[in-house]
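Okay, here's what each chain looks like letter by letter:
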Amino acid sequence: MKKRIIAIIIIAAVAMLFASCRSTSRHANDPIPGQDLSGIELPSDFAFSIVWNCYGISSYDSRTGKLVKTTDASDVRKYTSYVKMSDNELKLVYKYLCKDIDLKNYPAEYDPFNAPDAEQRKTSMPDQTIVVAVTAGGETWSVKCEKIMFGTMDDCYCPEARSFMQAVKDTVALITSFPEWEAFPEYEVFYD
């Protein structure tokens, strides 16, 4: 009897593990409230990845669907899921990163809060890391913002920097609105 109960518990645990790691795919034509995407032509090879948050602990990759809430945890698997974006969600990110701004026009290493020639640098503790990479039309490019301050749009040093941070903010807001993100446990580590 004990062996049977243990076997049932093991089977249930394995089933829950597979259920938590399964890939979720949204419907390609689900509308996104408040967004008119009718004029957006999504390149067939469009893909993106983004790293964000304090020290760059959160990430999403549209090719694999891998979504990570935090890498700063005792068991990162609890904070990892797989989510394939719908065509409309991808169109929205394409709009943010390739139409609202043209990511190609930003330098590979970038700090939206400090002008390249600034004598005094704005910093925060902790800092954040943002890395955005996009593939579209046969080209791939990326912008890396490593160890930059946490700041508001008003802290950006120029209009282009504000536009970049707005595109990042909008992309992250979409990703963190996924039910899979909301289902993750609370962070284990909090930063002041």
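Note that the structure is a prediction, hence the values are computed from the model and not measured.

1. As for the overall build of the chain
Secondary structure assignment for the chain yields four helices and seven strands. The N-to-C order of helical and strand elements in the chain reads α-β-β-β-β-β-α-β-β-α-α. Taken across its 192 residues, the chain has 40% of its residues classed as buried. The long-range fraction of contacts in the chain, counting pairs at least 24 apart against all pairs at least 6 apart in sequence, stands at 70%.

2. Examining the confidence of the model for the chain
Of all residues in the chain, 81% attain a pLDDT of 70 or more, and the chain-wide mean is 86. Within the model, pLDDT remains below 50 along residues 1-28, and this stretch shows 22 contacts once partners closer than five positions in the same chain are excluded.

3. What about the pairing of strand S6 (residues 128-136)?
The element S6 is largely enclosed, with a buried count of seven among its nine residues. Strand direction decides the pairing type here: S6 and strand S7 (residues 139-148), joined by eight bridges, are antiparallel. Counted as the bridge partner of Ala133 is Ser142 from S7. Hairpin connection of S6 to S7: two residues between the antiparallel strands, including Gly137 at a positive phi of 60 degrees.

4. Thoughts on helix H2 (residues 87-100)
Between its terminal C-alpha atoms H2 stretches 18 Å, which fits the 20 Å expected from 14 residues at 1.5 Å a residue. The largest bend along H2 measures about 30 degrees and falls at Tyr94. Of all the positions in H2, only Asn88, Glu89, Leu90, Leu92, Val93, Tyr94, Tyr96, Leu97 and Cys98 are classed as buried. Check the buried side of H2 and you find it contacts strand S2 (47-52), S6, S7 and helix H3 (159-175).

5. Regarding the nonpolar core
One finds Phe48, Val134 and Phe164 to be the most contacted residues of the largest nonpolar core, which totals 44 residues. Of all the secondary-structure elements, those providing two or more residues to this core are S2, H2, S6, S7 and H3. Considering every element that reaches this core, the biggest residue donor is H3, with eight residues. When sequence neighbours within four positions are dropped, the list of residues in contact with Val134 reads Phe46, Ala47, Phe48, Leu97, Cys98, Leu103, Glu139, Thr140 and Trp141.

6. Description of the packing of H2 against H3
Viewed as axis vectors pointing N to C, H2 and H3 meet at an angle of 165 degrees, and their least axial separation amounts to 9 Å. Taken together, the axis directions place H2 and H3 in an arrangement best described as roughly antiparallel. Considering the relative orientation of H2 and H3, their crossing is left-handed. Contacts between H2 and H3 involve Glu89, Leu92, Val93, Tyr96 and Leu97 from the former and Ala167, Asp170, Thr171 and Leu174 from the latter. Classifying every residue of the contact of H2 with H3 gives six nonpolar, one polar and two charged.

7. A closer look at the environment of Lys99
In this fold, Lys99 is placed in helix H2. Sequence spacing of Lys99 and Ala167 is 68 residues, and the spatial spacing of their C-alpha atoms is 9.8 Å. Residues contacting Lys99, with those up to four places away along its chain left out, are Ile40 and Tyr94.

8. A short note on the pairing of strand S3 (residues 58-61)
Residues Ser58 and Tyr60 line the buried face of S3, whereas the alternating positions Ser59 and Asp61 sit on a face that is not buried. Pairing analysis gives four bridges linking S2 to S3, with the strands arranged antiparallel. Bridge pairing links Val51 to Ser59 in S3. As consecutive antiparallel partners, S2 and S3 are separated by five residues, and within that stretch Asn53 has a phi angle of approximately 95 degrees, a positive value. As paired elements, S3 and strand S4 (residues 66-68) share two bridges and run antiparallel to each other. Within S4, the position partnered with Tyr60 by the bridge is Leu67.

Cut-offs applied
- Residues numbered from 1 in each chain as written.
- Predicted model: local features only at pLDDT ≥ 70, side-chain atom pairs only at ≥ 80, totals over all residues.
- Heavy atoms only, no water.
- Helix = DSSP H or I, 4+ residues; strand = E, 2+ residues; numbered from the N terminus.
- Buried < 20%, exposed > 50% of the residue type's maximum accessible area, 1.4 Å probe, protein only.
- Contact = heavy atoms within 4.5 Å.
- pLDDT = per-residue confidence, 0-100.
- Pairing = 2+ DSSP bridges.
- Expected span 1.5 Å × (residues − 1).
- Bend = angle between axes of the 7 residues up to and from the residue.
- Core = buried A, V, L, I, M, F, W, Y, C linked by side-chain atoms within 4.5 Å.
- Axes fitted to C-alpha atoms, helices over the stretch in contact; angles between N-to-C directions.
- Parallel < 35°, antiparallel > 145°, perpendicular 65-115°, else oblique.
- Left-handed = near helix turned anticlockwise from the far one by under 90°.
- Nonpolar A, V, L, I, M, F, W, Y, C, P; charged D, E, K, R; others polar.

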